[in-house]
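# Structure assessment
Here's the letter readout for the chains.
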Amino acid sequence: QRERERDRLHRDRETHRQPGTEAPGPRERDTGTENPGQRHRHRGRGTGSSDTHTPPDVHRRIPVGEQRVESSFAPPVTARCPDKAPYLLPWNPGHDEKQKVRIGAGMLLRLESPASVHSIVIENGGKLVFKDNPKSPIHLRSRYILVRTGGELHIGSEGCPYTSSASISLVGKSTDGPDVEHFGKKFIGVDSGGILELHGRRNLSWTLLSRSLYPGGLQYGAYRFDRHWGSRGLNVRVIDPGAARLLAAERFDTHLWANESGRLQEFLRSQAKGRIVAIAVGDSAARSLSLSARNDIRELLGSQQVRHLGYRQAWAIVGVLLASETFVMEDKRSYQLNGSTGLAVATRDFQTYDGTHFTVTAFSEWAHGVPHCGFRVDVSRGVILNLMDDATSWLAGNQIVIASTDYSMYQAENFNLLPCPECKVNQVKINGKPRYFHMGEVVDGIDMRAEVGLLSRNILIKGEMEDSCYGQNFCHFFNYDTFGGQIRILKNFASVHLSGVELTNMGQQILGSYPVHFHLAGDVDRKGGYNPPTYVDNIAIHHCFSRCVAIHGTNGLLVKDTIGYDTLGHCFFLEDGVEQRNVLYHNLGLLTKPGTILPSDRNERMCISIRDQVYGNYIPVPSTDCMAVTTFWISNPNNHLINNAAAGAEDVGIWFIFHRAPTGQSAGQYPEGQSEFTPLGVFYNNRVHSNFKAGLFIGNGVKTTKSNADDPREALCKVDFARFRPHQNADPRKPRVPAIIDGLVSFKNNDHGAWARGGDIIFRNSGFSDNGIGLTLASDGTFPTDEGSSLEVTKSIFVGESINVGCNGGKNRYWGKGAQGEYRTLPRNRTFPIRGFQIYDGPVRITQCTFKKYMSVHERYSSALAFFMRNAWQISPQNNVSQVKLDWNVNLEVFFGKSGQWFGTNSLDGDQTSIFHDLDGSMTGFPDTFVARADNYLVRHPGCLSVPRWNGVICTGKYAQLYVQAWRPENLSLLITKDSYPNHPLKLQGVNRRAPYQQYQPVVMLEQAYTLRWNGRTPEQIVLYPINFNRGNWIQIGLCYPKRTVFKIMSDINQRSSGRVHSVKRYKAASSFNILQKNPEKSLYYFDSNAGILFIILQAKHVRKGHSYCSKYGCERVKILSHVISGETSDCMRKGHFVKHTSEPSHLLTLTRRVAAPCSHCGAPQVAITSDPQRTYIRIQIQSQSTGDIQNGHKFSFIKVNDDVFWSEKAGLLFVTIDACSGDILSRQYFDTAHGLQVADSIANYIQSTIRERSITLVCSRGDFGWALNYVSSSFLRLGAAKPIKLFREGSFAMLGFKGRLKPAWIKIQSHSVGQLAASLQHYVPLKLSEYGCPGKVKENRRDLKLFQDLTSSN
């Protein structure tokens, strides 16, 4: 039967006609008569299935959800590759750019050679397959390719990826002819019923550096020196052969001055044996160069030519001090009558201790009467990158990108790869040298390793571009052509799967024209009938002109292992606010630049210039309307982000933005406000760095209405209204569902590491380093609308100024001195006050967090905890801190600001009322205390402790808030005074944001008396809310009124969520103040008409739970309506009358119970926050001491492993070994080097025989240890040194080594001579790496994979 069927197929194939030369335009398709079942007939087909290898009519049409029935002769899924199907006809159309190709019913073609056509339409069962392994790479050029109504385009399949090179060029200009309906120009389009299957080779998409990459490829940078005039004499350079580091640079004018020879001799003899010395003559050096100096150069460096060096002779030498003559390279040229010598060049190759090859070059010449000399220290044999993963799928000639690890995203660099037969599986060699530093380590507990992405794929789709911008393509913003290609997929496509594809020169500055665009495609997973679900996997999108992957009105799409590099506008873009259930897994976006399409894409210049959609003459405000371009723009929280990296955007890395109502063509798909209540999808193990504004931003929204007279701003501009308040089923009446931000790594973001507004939002297991502000958490308003919500950060690490000092250049704005005196890049400004955790309002909780390296200097403040600057909003006394750890290198724990630069007058309401609760004393040393600003006398009492450097006070007591609303007038300032401090009123300006009343929210101390007055006529209506009060809590309030005032005072309970008001009571006048005080539970007031003060005792009657501002019954409040009979104003505080108040409780007089011992359970439990949380790291610190250090009072050298410290008090070497698989400390061994050669043999034997295989080996030195050990310096080769180590007498030595089969990338060695800083190392070492050869199968708890599998199986 199979043979008969094959014969039939063969006969059919003979009668198949060739493609027509004229195709009906896409506008002519008969969509009105399409069978509804036909639209879905290819759904449910596997991407590697036999469906791609057999004619379309082999399978019957299958409605969505029905089980597929295969024909009896269908081959297995992996049996054939799509181009091997026997029914395909060869197609070699040649090159005719006018040919319009139509591949229709019965036309099953295999493209076998390069071709150029006008356009291709594949429809009605037609199929085009690219041949694998053709005679020459297939390059197809076309204006567009449209796949629809049963048409299919295949390059490889999931089960059989394409192995050759194939490319499609999309050609044409924006000015060429009319658009194709629904698609535009220059596209690959998939319409209803179309199939697009592109599957290139499976490559590692991106990984992380495992070793830092330095400018020029050398740890201390490449060295270059060029000089013409001004270099007369001998120019000398001394280089460390173990580190390729320039140690000394001197010039000796041995032509003019006789004494310079002696200085040269002294200089050379002071250098340590084994140092590299390079010498180059500038101008002339011979006339006064003494014979003794010449002999010294010969003796020390082995020179054969210096003895006869003459006038104006060019001479260069590179040698090693006191080494054999075989180490010297020198060259000498004589001066000619034409004023030239030719170039004398000496160059020699060396190797550092870690195995990096480098050359030292010296050169000298006269050229046409001008002297010239110089030096080079350069990496040789290419720069090798060490990576975290196996990169054997990366091939010579491929292009890669290395992300910035500094504040500027413009330090990202791309390179081509070179052949590298010497590379290990996780190494590649680049063509060229890096300009910038790229971190390859976990630093101070934060993973700052640079991402490295592969930009090349063997399937390439690109736009053919013009040489410059033209037409209406925003040429006033771009000087290059931005009209690239695009891939657009519309609703009811049959199957789309993209993998192993490179996209470049794609996208257009036109709405909807993006490199990859799923346009209103609906559900594209199993819920929509797609099996397997639709995906974009292992795609490289680079140097494109509008976004990366646009997910528009599409749900359930998987975007995985995809790179977006150097693109315009939001990169990974969810458009209308309705997109849900999409999974973004292990994607990398970097160098995300502004574009013109949406206001949020635009930079300042674009924002002001593009005004065609605003109303009237409105001029946009860039900082509020625009300037929000983002790498991951997530417009609905119900999406999943796992293992992604946002490694540099003009504005934000990841932004959860909220559409109060769906926008664009999705308008009306959900009720207004729903997205703000929608629970957050999975957010796990994402990285954000090198973004100018913020790494992660949760909050804000877009304007969902068109511009009009009332609001002239453009639709979709940025607005600050959204407050993320996730609830079950997006229903605010149901329980809250906390949004969990788990495993965020955020570093080197200029402004914020992360900002989140709303509640409940919880950050956990996160790391923040070198951000202007690490993390800010803000509630959803002055009086939060989501009652009981809060924000929290827990089990996280904050670092102020890490050892990642950065690299000047690449558009970094600020370069200045760090806290340790080192030069480094800085965020925002040299004077910007750096803050670890910033409280905006509250309530927020900080628990189990570690703070490191917040060191204030004279130029700027740097504090672990601080408050939002110039803050007009309320501050909640429920803000609390517990179980925090402050490292020794934090010198400013808390800071309340001071008037001046950045802080302004520091007198706004929030500035003055800042406060938090130290629950356990881990921040202040005093448990159950409150920390407030020093000049806020509303919260002070005599027992408070002032902390001037904080500008704060520490107080015991109970605190809550008084929320005051004032009507008629609404523009006054409130002066509130604690009656025990009558001379220290607090002036509050209030916050009036388009409300019919003014509002104030001071923090008050319970069981105290306060007097309120205004800087003008007392408002006619005042409402007092006792918020954060528990049942029985009270304060006494006095309000200033004119003497002849009558009152109507009511109390009620306002259920704010429903608007219901209940428990209404009218207050009665008490006959005396004493009666009022004796009956605080009654609804009484007392008006002292002589003093002009209305007294009320504000007491809560219901229990408040958790972080709710009010009880479950609603918010208790008192309304005061006043009518002044006469026109007089209140002057109660000016008369000097006796104020009735309560006394200070005696138990508040002093602070007690100071925490006596360090908190063992405080701080983050993790050693480090990394992007591979399944892996265990140990923290290593090695500090050696030279003889000079000991003489200067440094008593100890030490080795520290996590919190275990091993001290060395005697001269010698200390070894500590650790099991690289378990992390257990195996041994500690001290060697007293006073015993000379005997101890050298002992050390050699210890390294060779005692230290176990798979051992991390740590070595530190103290004092004079080195002279004898040079006899066994080659023993350290067994611990990972690339060459024998030169040890210096009275110097210092530190080593992080490994004894095992392979040499890990993290090996570090320092050997310093006298005069250099003591050798010291610190590193976070990973355990159980596969290269260690640990016994048994290494089990890793891959929570990321578990989450991914759960999400994709449910889709």
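Everything numeric in this text was worked out from a predicted model, so none of it was measured.

Here we take up the overall build of the chain. Within the chain, the regular secondary structure consists of eleven helices and 90 strands. Over its C-alpha trace the chain gives a radius of gyration of 37 Å, about what one expects of a compact globule, namely 34 Å for 1355 residues. Overall, the C-alpha framework of the chain stretches about 115 × 95 × 65 Å when taken along its three principal axes. Each of the 1355 residues in the chain was classed as buried or not, and the buried ones make up 63%. Restricting the contact set of the chain to residue pairs at least 6 apart, pairs at least 24 apart contribute 71%. When the accessible surface of the chain is totalled, it reaches about 51,000 Å², and 48% of it is carbon and sulfur. A distance of 3 Å separates the average location of the 158 positive side-chain charges in the chain from that of its 124 negative side-chain charges.

The subject of this paragraph is empty space enclosed by the protein. Tallied over the full model, the rule gives nine cavities of 30 Å³ or more. Looking at the largest cavity, its volume works out to about 110 Å³. Those elements that provide at least two residues to the lining of the largest cavity are β58 (834-839) and β60 (862-867). Top contributing element to the lining of the largest cavity by residue count: β60, with three residues. Among the residues making up the lining of the largest cavity, the classes are represented as ten nonpolar, four polar and three charged.

This brings us to the pairing of strand β31 (residues 486-490). Among the five residues in β31, five count as buried, and that is most of the element. Here β31 shows two buried faces, one formed by Gln 486, Arg 488 and Leu 490 and the other by Ile 487 and Ile 489. The pairing of strand β11 (residues 187-190) with β31 spans four bridges and is parallel. For Ile 188, the partnering residue across the bridge sits in β31 and is Ile 487. Judged from the three bridges that link them, β31 and strand β33 (residues 516-523) form a sheet pairing that is parallel. If you follow Ile 489 over to β33, its bridge partner there is Phe 518.

So, on to the confidence of the model for the chain. Regions with low pLDDT should not have their predicted coordinates read in detail. Taken residue by residue, the chain gives an average pLDDT of 90. The fraction at 70 or more is 91%. Note on residues 1-79: pLDDT is under 50 here. Beyond four places in sequence and across chains, it has 146 contacts. Low pLDDT, under 50, characterises residues 1134-1141; the stretch is placed with 15 contacts to residues that sit more than four places away or in other chains.

Before going further, it helps to spend a moment on the sheet that holds strand β83 (residues 1197-1201). On the basis of which strands lie adjacent, the open sheet formed by four strands has the order β84-β83-β82-β90 and antiparallel pairing. The strands lining the two open edges of the sheet, one partner per strand, are β84 (1204-1208) and β90 (1320-1326). On average, each strand axis in the sheet is inclined to that of its neighbour by 10°, with strand direction left out of account. Where β83 and β84 come together, five bridges link them in antiparallel fashion. Its bridge partner lying in β84, Ile 1199 is registered against Phe 1206.

Following the criterion strictly, the structure yields 54 aromatic pairs and no others. Aromatic pair Trp 229 and Trp 366: ring centres 6.1 Å apart, planes at 80°, arrangement edge-to-face. Of this pair, Trp 229 sits in the loop between β14 (223-227) and β15 (233-240) while Trp 366 sits in strand β21 (residues 357-367), and the two are 137 residues apart along the sequence. We classify Trp 229 as exposed; its relative accessible area is 52%.

Here the focus is the state of the cysteines. The full count for this structure, using the stated rule, is nine disulfides. Disulfide partner of Cys 420: Cys 423, at an S-S distance of 1.9 Å. On the S-S bond that ties Cys 420 to Cys 423, the torsion sits near 80°, and the link is right-handed. What makes Cys 420 buried here is its relative accessible area of 18%. A sulfur-sulfur distance of 2.0 Å marks the disulfide that ties Cys 1110 to Cys 1115. With the S-S dihedral at roughly 90°, the linkage between Cys 1110 and Cys 1115 falls on the right-handed side.

Inspection of the secondary structure assignment puts Gly 564 in strand β37 (residues 563-568). Judged by relative accessible area, Gly 564 falls into the buried class, the value being 0%. Among residues more than four places away in sequence, those in contact with Gly 564 are Ile 541, Cys 548, Cys 571, Phe 572, Leu 588, Gly 589 and Leu 590.

What follows deals with the environment of Gly 800. Positionally, Gly 800 belongs in the loop between β55 (791-799) and β56 (815-817). Apart from the residues lying within four places of it in its own chain, the contact partners of Gly 800 are Asp 770, Lys 852, Lys 853 and Tyr 854.

Take the pairing of strand β8 (residues 144-147) next. Alternating positions in β8 separate into two faces, Tyr 144 and Leu 146 on one and Ile 145 and Val 147 on the other, with burial throughout. In this structure, strand β5 (residues 119-122) lies alongside β8, joined through four bridges in parallel fashion. The partner of Ile 120 across the bridge, within β8, is Ile 145. Two strands pair when backbone bridges link them, and β8 and β11 are joined in this way by four bridges, in the parallel orientation. Residue pairing for β11: Leu 146 is matched across the bridge by Gly 189.

Here the focus is helix α11 (residues 1343-1354). Between its first and last C-alpha atoms α11 spans 17 Å; for twelve residues at 1.5 Å apiece the expected length is 16 Å, and the two agree. Buried residues of α11: Asp 1344, Leu 1347, Phe 1348 and Leu 1351, and no others. Along the axis of α11, the buried positions cluster into a sector of 100°, meaning they face one direction only. For α11, exposure combined with an orientation more than 90 degrees from the buried face picks out Ser 1353 and Ser 1354. Contacts made by the buried residues of α11 are with β36 (558-560), β39 (583-585), β42 (640-642) and β45 (683-684).

Space inside the second largest pocket adds up to approximately 1,700 Å³. Looking at the second largest pocket, it is lined by 45 residues, and the ones nearest its centre are Asn 700, Asp 720, Arg 723, Arg 757 and Tyr 840. Looking at the lining of the second largest pocket, the elements that each hand over two or more residues are α5 (622-625), β47 (694-702), β48 (718-719), β51 (752-757) and β58. Of the residues belonging to the lining of the second largest pocket, the class tally is 18 nonpolar, nine polar and 18 charged.

Moving on: the sheet that holds strand β89 (residues 1308-1312). Strand order in the open sheet made by the five strands is β86-β85-β87-β88-β89, with antiparallel pairing throughout. Both outer strands of the open sheet, β86 (1225-1231) and β89, are each paired with one neighbouring strand and no more. Strand after strand, the sheet turns through a mean of 15° between neighbouring axes, direction not considered. Two strands pair when backbone bridges link them, and strand β87 (residues 1255-1262) and strand β88 (residues 1292-1299) are joined in this way by six bridges, in the antiparallel orientation. Counted as the bridge partner of Leu 1258 is Leu 1296 from β88.

The terminal C-alpha atoms of helix α2 (residues 259-270), which comprises twelve residues, lie 17 Å apart, in line with the 16 Å expected from a rise of 1.5 Å per residue. Residues Glu 260, Ser 261, Leu 264, Gln 265, Phe 267 and Leu 268 constitute the buried set of α2. Each buried residue of α2 lies within a common arc of 165° when the element is viewed along its axis, so the set occupies one face. Seen from the buried face of α2, the exposed residues on the opposite side, beyond 90 degrees, are Asn 259, Glu 266 and Ser 270.

Quick look at the pattern of salt bridges now. Any two side chains of opposite charge can pair if their charged atoms end up close together. Applying the stated criterion across every chain yields a total of 61 salt bridges. Linking Glu 260 and Arg 263 is a salt bridge whose minimum nitrogen-to-oxygen distance equals 2.9 Å. You can see Glu 260 and its partner Arg 263 sitting in helix α2, three residues apart, about one turn around the helix. Residue class for Glu 260 comes out buried when judged on its relative accessible area of 12%. Between Lys 433 and Asp 378 there is a salt bridge, and its shortest N-O distance comes to 3.6 Å. Here Lys 433, found in the loop between β26 (427-431) and β27 (442-443), pairs with Asp 378, found in strand β22 (residues 370-379); they are 55 residues apart in sequence, far enough to count as distant. The exposure class of Lys 433 is partly exposed, given its relative accessible area of 39%.

Topologically, Ser 1184 is positioned in the loop between β82 (1177-1183) and α9 (1187-1191). Looking at Ser 1184, its side chain comes within polar contact range of the main-chain oxygen of Phe 1293, at 2.6 Å.

Criteria and cut-off values
- Residues numbered from 1 in each chain as written.
- Predicted model: local features only at pLDDT ≥ 70, side-chain atom pairs only at ≥ 80, totals over all residues.
- Heavy atoms only, no water.
- Helix = DSSP H or I, 4+ residues; strand = E, 2+ residues; numbered from the N terminus.
- Rg over C-alpha atoms; globule rule 2.2 N^0.38 Å.
- Buried < 20%, exposed > 50% of the residue type's maximum accessible area, 1.4 Å probe, protein only.
- Contact = heavy atoms within 4.5 Å.
- Areas by Shrake-Rupley, 256 points an atom, 1.4 Å probe, with all protein chains shown as cover.
- Lys, Arg positive; Asp, Glu negative; His and termini not counted.
- Charge placed at Lys NZ, Arg CZ, Asp CG, Glu CD.
- 1 Å grid on protein atoms, 1.4 Å probe; cavity = no way out; pocket = protein on both sides within 12 Å on 5 of 7 lines; lining within 4 Å.
- Points joined across faces, edges and corners; volume = space filled by probe spheres on them.
- Nonpolar A, V, L, I, M, F, W, Y, C, P; charged D, E, K, R; others polar.
- Pairing = 2+ DSSP bridges.
- pLDDT = per-residue confidence, 0-100.
- Axes fitted to C-alpha atoms, helices over the stretch in contact; angles between N-to-C directions.
- Phe/Tyr/Trp six-rings, centres within 6.5 Å; stacked < 30°, edge-to-face > 60°.
- Disulfide = S-S within 2.5 Å.
- Expected span 1.5 Å × (residues − 1).
- Arc of directions from axis to C-beta.
- Salt bridge = Lys/Arg side-chain N within 4 Å of Asp/Glu carboxyl O.
- Polar contact = N/O pair within 3.5 Å; in protein donor to acceptor, adjacent residues only side chain to side chain.

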